[in-house]
Structure formats: structure tokens, C-alpha cells
Amino acid sequence: MDALREVRCLLTLCLTLAAGLAARPALAAAPEPPITSATSPSAFAKEQLIHQLGETQKMMVAIAEGLPPETYDWRPNEKMRSAGEMFLHTARANFAQPESWGVKPPEELTLCGNYLDQGKLEKAKVIDMLRKSFEHARKAVASVPDADFFKTFKIDNRESTPFEDVLALVNRDSENLGRMISYSMLKGIIPPWMGGWFTSGS
């Protein structure tokens, strides 16, 4: 991959992260490591994306914990996923997307699919699946060698880089988080970073 494309990738990452931070002004984010001459662009990109996945996990799990169990079967209208289905939809993506850069999904992916198909959306199990999926995604990103993060590979008849696929996952999770904030607000429950309830250590 040439230097120009690497710069474009880093610019895309910076713009995405900036947009995410602008949408979440009240969250206290951990200080980011400084960029030094010893920090490669790929290592820096990985650190930022893993951090973003972790922040999204905290907020998504907080919403999942804050919603009452009876809301897990509730849906805004008949054509939309229920709250519980949305959490598992997010979990599926976290388990499945890393296959794009060679990380196989664990058994939880099958369990997640079967669990949703059976319609048994117990709150504790959904939250456990959601948390495990984010942990899997972060470990999968960390497992990509720095030297390969911006390399182009042919995946499912398309060309992509691990960076581009991880960025797509981060964006998808952020979109799903936005939907779940809307679900929560529609039920009259204010998320913690907007002045409502707060669950620490998620």
C-alpha cells in the first residue's frame, strides 16, 4: 500500500473518531497515548479503533442493563427489531466481521443466531452475549499484525484492508448504539451520559 493511501486511511479514521467524540461530549474518555516517532501509523490506528470499540461497548451495555426486562421484546413498530434483537444483531456483527481479516468466530456466533431464532430474549443472556461479542472484536483487532493492518487482501471476491473492515465495524456499532439510544429515550429512560442512570465497570 502506497503512502498516499495510508494517509487517506488515517484521515478517514481521524474524521470518524472526531465525529464520534462530538456526538458524546459528556463522556470522560481516557487520555490517548501520544504519537511518537516510535508509533507506527498502523499501531496508532489499531489503538484508536480498539479504544472506540471499548467506549461503544460501555454505552451499549449500559443501555442494555438500564432497560427493564419487559422492554427486550418491545419494538417501535412491527417492521423493526425489538430491543433485545437489536442487541443480538450488534453481537452477531461483532462476532462475524473479524472473519474478513481471518479471525474465525467462536461458538457464541452460532449460539447467538439460535438464541434469536428461538425468541428467548432473557436480559441477562443478551447482555452476556453482547459483552462477549465486543471483547471478541477488540481481541480480533489486536491480533492483526501491525505490518498487515493497511495491506490489501482479497476477501469474498472483493479487495479490502483489515483497517477498512475494522472501521466499518466501528461505524456499524456506532449506528446501532444510536438506535438503542433512541429506543431507550422512547421508553422514557435517559442514558447515563445524558444525566440519567449510570452503570460503571461494564
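In this report, the structure presented in the accompanying data block is examined. What you are looking at is a predicted structure, and each value in this text was computed from that prediction instead of being measured. Residue positions are counted from 1 within each chain, in the order its sequence is given. Only residues with pLDDT of at least 70 are given local features in this predicted model, and only at 80 or more are side-chain atom pairs given and counted; all residues enter the totals for whole chains, interfaces and linings. Excluded from the side-chain calculations are hydrogens and water; all other atoms, namely the structure's heavy atoms, are used.

Topic: the environment of Gln52
Consideration 1: To qualify as a helix, a DSSP run of H or I must reach at least 4 residues; to qualify as a strand, a run of E must reach at least 2; elements of each kind are numbered from the N terminus. Take Gln52: it is sitting in helix H2 (residues 41–66).
Consideration 2: Separated by 118 residues in sequence, Gln52 and Val170 have C-alpha atoms that sit 7.1 Å apart.

Some points on the packing of aromatic side chains
Consideration 1: Stacked, edge-to-face and tilted labels apply to pairs of Phe, Tyr and Trp rings (six-membered ring for Trp) whose centres lie within 6.5 Å, assigned for plane angles under 30 degrees, over 60, and everything in between, in that order. Per the counting criterion, the structure on display carries five aromatic pairs.
Consideration 2: Here the aromatic rings of Phe149 and Phe163 are separated by 6.0 Å at their centres, their planes lie at 80 degrees, and the arrangement is edge-to-face. Here Phe149 is found in the loop between helix H5 (123–142) and strand E1 (153–155), whereas its partner Phe163 is found in helix H6 (residues 162–186), with 14 residues between them in sequence.
Consideration 3: Per-residue accessibility, obtained with a 1.4 Å probe over protein chains only, is compared with the maximum for each type, and a residue is labelled buried under 20%, exposed over 50%, and partly exposed between these values. Phe163 gets classed as buried once you look at its relative accessible area, which sits at 1%.
Consideration 4: Each residue in the set Phe149, Phe150 and Phe163 is aromatic and connected to the rest through ring pairs, giving one cluster.

A closer look at H2
Consideration 1: Helix span, expected: 1.5 Å multiplied by one less than the number of residues in the helix. An ideal rise of 1.5 Å per residue puts 38 Å on 26 residues; H2 measures up with 38 Å between its terminal C-alpha atoms.
Consideration 2: Taken across its 26 residues, H2 has 20 buried, putting it largely inside the fold.

What to know about the nonpolar core
Consideration 1: As used here, the term nonpolar core means buried Ala, Val, Leu, Ile, Met, Phe, Trp, Tyr and Cys residues forming a set that is joined through side-chain atoms within 4.5 Å. Ranked by size, the top nonpolar core spans 25 residues in total, and within it Met60, Ile63, Leu67, Tyr72, Phe87, Leu130 and Met180 carry the most contacts.
Consideration 2: Here this core gets six residues from one element, more than from any other, and that element is helix H3 (residues 83–96).
Consideration 3: Once residues within four sequence positions are removed from consideration, Tyr72 is found in contact with Ala64, Glu65, Leu67, Ser82, Ala83, Gly84, Glu85, Phe87, Leu121, Lys123, Val126 and Ile127. By the convention used here, residues are in contact when the closest approach between their heavy atoms is within 4.5 Å.

A short note on H3
Consideration 1: Given a rise of 1.5 Å per residue, 14 residues ought to cover 20 Å, and the 20 Å separating the end C-alpha atoms of H3 matches this to within 8%.
Consideration 2: By the criterion of burial, H3 is predominantly enclosed, with 11 of the 14 residues buried.

Let's talk about the packing of H2 against H6
Consideration 1: It is the contact of H2 with H6, at a shortest axis distance of 10 Å, that shows an interaxial angle of 20 degrees. Put simply, H2 runs roughly parallel to H6. Considering only the axes of H2 and H6, their crossing is left-handed. Here Ala45, Leu49, Gln52, Leu53, Thr56, Met59, Met60 and Ile63 of H2 lie close against H6, whose contacting residues are Phe163, Val166, Leu167, Val170, Asp173, Ser174, Asn176, Leu177, Met180, Ile181 and Ser184. Simply put, an axis is a line fit to the C-alpha atoms, just over the touching stretch for a helix, and the angle between two N-to-C directions goes from 0 to 180 degrees. Working rule for angles: under 35 degrees goes down as roughly parallel, over 145 as roughly antiparallel, 65 to 115 as roughly perpendicular, anything else as oblique. Should the near helix be turned anticlockwise from the far one by less than a right angle, the crossing is termed left-handed; should it be turned clockwise, right-handed.

What to know about the environment of Met80
Consideration 1: If you trace the backbone, Met80 turns up in the loop between H2 and H3.
Consideration 2: The exposure class assigned to Met80 is partly exposed, which follows from its relative accessible area of 33%.
Consideration 3: When sequence neighbours within four positions are dropped, the list of residues in contact with Met80 reads Arg75 and Tyr183.

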